[in-house]
Amino acid sequence: MTFDDIQGQGRAIGLLRRAIENGRLAHAFVFAGPAGVGKRATALALARAMLCPERPNVGCGTCIDCRLVGAGSHPDLFLEDLAAAQAERATATMLSIEQIRRVCAALSLRPIRGAGKVGIVDQAERLTAEAQNALLKTLEEPRGRATLVLVTSNLDALLPTIRSRCQRLLFAPLPDDLVATLLSREGVEDEIARRAAALAGGSLDRARELTSEDGWARCEALRNRLEQIDRLGIPERLDLAGELSPRGERNRAQQTLTTATVLELFRHGMLEAARGAAPGDHPEDDFTRLASARRAHRAMATVYASVRDLERNANANLAWDKLLLELGDRRG
Ligand SMILES: [Zn+2]
């Protein structure tokens with residue numbers, strides 16, 4: 001995959017292309033933006049552009065160097081991520097200081113095959129403070145044609161001293177229609193691709209999770225249950241909250257799917273209610289419609305507040321309890 005193959009990130013790619021062509025590539029970058037929008041793929045495309053002898057500054061995508069980059073085995077490319085941490089220690093949840101020392105040491109040596117060296121630290125939000133401090137020295141003393149790329153979906157997790165020493169490149173969420181097109185190309189049925197894209201918040205990874213084998217079935221099952229929520233009493237609602245919260249689901253992908261499903265359901269509910277609230281012939285019906293639009297609007301506000309809580313890693317169990325108790329509350 002070269003710069004040409006990356007979709008929906010024209011601004012970031014354009015900036016990198018110009019920098020590399022003008023020989024003004026920064027020694028350190030932070031690629032920041034939502035998960036699943038092409039940040040890591042762009043970092044690898046940059047590595048190809050730097051290391052490809054066939055099409056220097058661009059990357060051909062097919063020569064031995066380009067293929068070695070793709071296979072993660074180019075001697076001038078150093079990639080560290082959570083998978084590498086877990087290969088050393090299966091229970092690892094953070095990137096270790098040893099990984100950072102490895103990248104920094106490698107970048108300080110002369111290139112072996114190519115014209116430069118590239119270090120990529122993916123999931124940089126998982127760097128410990130200790131590991132980030134170990135990075136500082138490399139960032140302060142750049143050498144030769146070496147570029148380090150920190151890839152992260154949470155810029156705030158990086159120390160200000162790190163952020164200030166890197167050129168920041170922001171990656172935008174992908175447009176829904178692009179996500180749908182990419183899913184369709186991967187063989188997903190058009191209608192499902194369109195609906196999954198609407199749920200995915202601009203992330204191709206999330207959209208793929210949603211269209212995975214059991215992802216869509218779970219999504220539909222949850223939607224059916226939520227549509228019945230008005231008929232549930234308090235104990236049943238708390239039971240459902242228990243199933244939806246991390247007590248029942250520890251998997252992050254499933255959690256994302258769950259929140260996305262709840263959000264989409266109420267977004268549709270609000271749109272329907274708003275359509276129904278258009279002026280009609282019978283004033284008494286208008287009043288009913290307006291009341292239902294207001295209810296849907298309140299439900300949306302509740303859902304958004306809960307999503308915010310969940311994203312901030314606030315007490316997720318409490319957030320789900322609150323959400324399920326407030327949703328579909330027909331009073332007023
Ligand atoms: Zn090449």
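Anyway, here's the lowdown on the structure attached to this text.

Each value, and the rule that gives it
- Residues numbered from 1 in each chain as written.
- Predicted model: local features only at pLDDT ≥ 70, side-chain atom pairs only at ≥ 80, totals over all residues.
- Heavy atoms only, no water.
- Helix = DSSP H or I, 4+ residues; strand = E, 2+ residues; numbered from the N terminus.
- Buried < 20%, exposed > 50% of the residue type's maximum accessible area, 1.4 Å probe, protein only.
- Contact = heavy atoms within 4.5 Å.
- Areas by Shrake-Rupley, 256 points an atom, 1.4 Å probe, with all protein chains shown as cover.
- Axes fitted to C-alpha atoms, helices over the stretch in contact; angles between N-to-C directions.
- Parallel < 35°, antiparallel > 145°, perpendicular 65-115°, else oblique.
- Left-handed = near helix turned anticlockwise from the far one by under 90°.
- Nonpolar A, V, L, I, M, F, W, Y, C, P; charged D, E, K, R; others polar.
- Donors = N, O, S within 2.8 Å, 3.2 Å for Na, K, Ca; no water.
- Tetrahedral: all angles 85-135°; square planar, octahedral: opposite > 155°, others 65-115°.
- Phe/Tyr/Trp six-rings, centres within 6.5 Å; stacked < 30°, edge-to-face > 60°.
- Core = buried A, V, L, I, M, F, W, Y, C linked by side-chain atoms within 4.5 Å.
- Salt bridge = Lys/Arg side-chain N within 4 Å of Asp/Glu carboxyl O.
- Pairing = 2+ DSSP bridges.

**Here we look at the overall build of the protein**
On a plain count of helices and strands, the protein comes out with 15 helices and five strands. Relative to its 332 residues, the protein shows a buried fraction of 43%. In the protein, the share of contacts with a sequence separation of at least 24, taken over all contacts with a separation of at least 6, comes to 68%. Looking at the protein as shown, the accessible area adds up to about 17200 Å², and 51% of this sits on carbon and sulfur atoms.

**Things to note about the packing of helix H1 (residues 10-21) against helix H2 (residues 39-51)**
Where H1 contacts H2, the two axes come as close as 11 Å, and the packing angle between them is 20 degrees. Regarding the angle of H1 to H2, the classification is roughly parallel. H2 is crossed by H1, and the crossing has right-handed handedness. Residues Ile-13, Leu-16 and Ile-20 of H1 touch H2, and the partners they reach there are Thr-42, Leu-46, Ala-49 and Met-50. Looking at the contact of H1 with H2 residue by residue, the class counts come to six nonpolar, one polar and no charged.

**Digging into the coordination of the zinc ion**
Ideal geometry at a metal centre: 109.5 degrees between donors when four sit tetrahedrally, and 90 or 180 degrees when six sit octahedrally. For the zinc ion, the protein coordination sphere consists of Cys-52 (SG), Cys-60 (SG), Cys-63 (SG) and Cys-66 (SG), at 2.3 to 2.4 Å. Coordination geometry of the zinc ion: the four donor atoms subtend angles of 103 to 113 degrees at the metal centre, consistent with an arrangement described as tetrahedral. Positions of the donor residues of the zinc ion along the chain correspond to the pattern C-x7-C-x2-C-x2-C. The partly exposed category is assigned to Cys-60, whose relative accessible area is 22%. With a relative accessible area of 1%, Cys-66 lands in the buried category.

**Details of helix H8 (residues 176-185)**
Among the residues of H8, Leu-178, Val-179, Ala-180, Leu-182 and Leu-183 are the ones counted as buried. As for H8, its buried residues are in contact with helix H9 (190-199) and helix H10 (204-210). Positive phi appears at Gly-187, one or two residues downstream of H8, with a value of about 100 degrees.

**So, the packing of aromatic side chains**
Inspection of every chain in the model, using the stated rule, returns two aromatic pairs. On the numbers, 5.1 Å between centres and 45 degrees between planes, the contact of Phe-31 with Phe-171 is tilted. Here Phe-171 lies in the loop between strand E5 (167-170) and H8 and Phe-31 lies in strand E1 (residues 28-32), a separation of 140 residues in the sequence. Residue class for Phe-31 comes out buried when judged on its relative accessible area of 0%. Among the aromatic residues, ring-to-ring pairing joins Phe-29, Phe-31 and Phe-171 into one connected group.

**Observations regarding the nonpolar core**
One finds Leu-16, Leu-25, Phe-31, Leu-46, Leu-77 and Leu-183 to be the most contacted residues of the largest nonpolar core, which totals 45 residues. When residues in this core are grouped by element, the largest group, eight residues, is from H2. When sequence neighbours within four positions are dropped, the list of residues in contact with Leu-77 reads Leu-44, Ala-47, Leu-51, Val-69, Val-118 and Ile-120. One finds Leu-82, Ala-85, Ile-97 and Leu-127 within the second-largest nonpolar core, a separate group that totals 26 residues.

**Let's talk about the environment of Val-149**
Within the secondary structure, Val-149 sits in strand E4 (residues 146-152). Note on Val-149: relative accessible area 0%, which makes it buried. For the pair Val-149 and Arg-168, spaced 19 residues apart in sequence, the C-alpha to C-alpha distance is 9.9 Å. Excluding residues that lie within four positions of it along the chain, Val-149 makes contacts with Phe-29, Phe-31, Ala-43, Leu-46, Gly-119, Ile-120 and Val-121.

**What about the pattern of salt bridges?**
Here the structure, examined in full by the defined rule, presents 13 salt bridges. Across the pair Arg-40 and Asp-122 runs a salt bridge, and its minimum N-O distance is 2.8 Å. A residue pair is termed long-range when its members are at least 10 positions apart, and Arg-40 in helix H2 and Asp-122 in the loop between strand E3 (117-121) and helix H6 (129-140) qualify at 82 residues. A salt bridge links Glu-186 to Arg-208; the nearest nitrogen and oxygen atoms lie 2.7 Å apart. Here the residue Glu-186 occupies a position in the loop between H8 and H9, and Arg-208 occupies one in helix H10, the gap between them amounting to 22 residues. Each of Arg-40, Asp-81 and Asp-122 takes part in salt bridges that share partners, so that together they form one network.

**What to know about the sheet that holds strand E2 (residues 77-80)**
Read across the open sheet, the five strands follow the order E2-E3-E4-E1-E5; overall the sheet is parallel. Both outer strands of the open sheet, E2 and E5, are each paired with one neighbouring strand and no more. Along the sheet, successive strands turn relative to each other by an average axial angle of 15 degrees, direction set aside. Pairing between E2 and E3: four bridges, direction parallel. For Leu-77, the partnering residue across the bridge sits in E3 and is Val-118. Strands E1 and E5 of the sheet are contacted by H1, whose axis makes an angle of about 145 degrees with E5.

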